[in-house]
Amino acid sequence: MSDPVRIGIVSISDRASTGVYEDKGLPALKDWLTAALRNPIEFVPRLIPDDQAGISATLVELVDTERCHLVLTTGGTGPAPRDVTPEATLAVADRVMPGFGEQMRQISLHFVPTAILSRQVAVIRGQALIINLPGQPKAIAETLTGHEKASGIFAAVPYCIDLIGGPYLETRDEVCKTFRPKSALRPQ
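Since the model is a prediction, treat every value here as computed from it, not as a measurement. (Residues numbered from 1 in each chain as written. Predicted model: local features only at pLDDT ≥ 70, side-chain atom pairs only at ≥ 80, totals over all residues. Heavy atoms only, no water.)

## Looking at the overall build of the chain
Point 1. Along its length, the chain carries 7 helices and 8 strands.
Point 2. Computed over the C-alpha atoms, the radius of gyration of the chain is 15 Å, within 12% of the 16 Å expected from 2.2 N^0.38 for a compact globule of 188 residues.
Point 3. Taking the principal axes of the C-alpha coordinates as reference, the chain spans close to 50 × 40 × 30 Å.
Point 4. Counting every position in the chain, which comprises 188 residues, the buried fraction comes to 49%.
Point 5. For the chain, restricting intrachain contacts to residue pairs at least 6 apart in sequence, the fraction spanning at least 24 positions comes to 70%.
Point 6. By element, 55% of the accessible surface of the chain is carried by carbon and sulfur atoms, the whole surface being about 9,100 Å².
Point 7. Charge-centre separation for the chain: the mean point of 19 positive side chains lies 4 Å from the mean point of 21 negative side chains. (Helix = DSSP H or I, 4+ residues; strand = E, 2+ residues; numbered from the N terminus. Rg over C-alpha atoms; globule rule 2.2 N^0.38 Å. Buried < 20%, exposed > 50% of the residue type's maximum accessible area, 1.4 Å probe, protein only. Contact = heavy atoms within 4.5 Å. Areas by Shrake-Rupley, 256 points an atom, 1.4 Å probe, with all protein chains shown as cover. Lys, Arg positive; Asp, Glu negative; His and termini not counted. Charge placed at Lys NZ, Arg CZ, Asp CG, Glu CD.)

The following block contains the structure:
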């Protein structure tokens, strides 16, 4: 039996949070994670505006109060003045995990040249990993899954969560094959 996991999913958009248009970030995150993980998942969703203090407060709540071991955000990572998700995330970090952002940009550059404008970051807060993802559902799936020339970032997420004391995440290889050193594999 796989360990249960609580995952915070946060869509950050002024317009979607006020009902101007339908949010597509939360369903995209939920669908991908449900397909990728074997673990029983309890999602803790939030749809919030592009407000730095509000984003930081939401991340703190999801980790410190809701006890999520993984928090994925979507939106607010571009260069526009209201795109403040990276700053809000860094403000609540215990440690920065720069490899996630570097890999997301590398993957996205395979699809669009504007990937160099993205500012996604990943951080550790307590025993949780927080990752900023792109805002578009297609780009979310691409960065999580990867492509033939680059592994998706999610391949490293389960082992990272192991290392910070979280639950043992198991993926479906046909969606995303997890990498763990042999010494970190759980006996079957």
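Picking up where we left off.
## Some words on the side chain of Ser2
Point 1. By secondary structure assignment, the location of Ser2 is in the segment before strand E1 (5-12).
Point 2. Side-chain polar atoms of Ser2 contact the side chain of Glu170, separated by 2.9 Å.
Point 3. Residues in contact with Ser2, not counting those within four places in the same chain, are Arg38, Asn39, Pro40 and Glu170. (Polar contact = N/O pair within 3.5 Å; in protein donor to acceptor, adjacent residues only side chain to side chain.)

## Some words on the UniProt feature "domain: MoaB/Mog" (unreviewed entry) in the chain
Point 1. Here the UniProt feature "domain: MoaB/Mog" (unreviewed entry) sits at residues 8-155.
Point 2. Here residues 8-155 is 39% helix and 23% strand, with 18 Å between the C-alpha atoms at its ends. (UniProt positions renumbered as here; feature names shortened; annotations may be inferred.)

## Here we look at the packing of aromatic side chains
Point 1. Here the structure, examined in full by the defined rule, presents 1 aromatic pair.
Point 2. Ring plane angle 70° and centroid distance 5.1 Å describe the contact between Trp32 and Phe154, whose orientation is recorded as edge-to-face. With Trp32 in helix H2 (residues 25-36) and Phe154 in the loop between strand E8 (150-151) and helix H7 (157-163), this residue pair connects regions lying 122 residues apart in the sequence.
Point 3. On the accessibility criterion, Trp32 (10% relative accessible area) is buried.
Point 4. Positioned over the ring face of Tyr168 is Arg180, at 3.7 Å from the centre of the ring. (Phe/Tyr/Trp six-rings, centres within 6.5 Å; stacked < 30°, edge-to-face > 60°. Lys NZ or Arg CZ within 6 Å of the ring centre and 35° of its normal.)

## Observations concerning the sheet that holds strand E4 (residues 95-96)
Point 1. With mixed pairing, the 6 strands of this open sheet are ordered in space as E2-E1-E3-E6-E5-E4. The sheet is open, and its two borders are formed by strand E2 (41-48) and E4, each paired with just one other strand.
Point 2. Direction of pairing for E4 relative to strand E5 (residues 122-125): antiparallel, over a ladder of 2 bridges. Considered in E5, the bridge of Arg95 is made with Ile124.
Point 3. Packing of helix H3 (residues 52-65) onto the sheet brings it into contact with E1, E2, strand E3 (70-74), E5 and strand E6 (128-133), and relative to E2 it is tilted by some 165°.
Point 4. Docked against the sheet, helix H5 (residues 98-109) engages E4, E5 and E6, running at close to 25° with respect to E6. (Pairing = 2+ DSSP bridges. Axes fitted to C-alpha atoms, helices over the stretch in contact; angles between N-to-C directions.)

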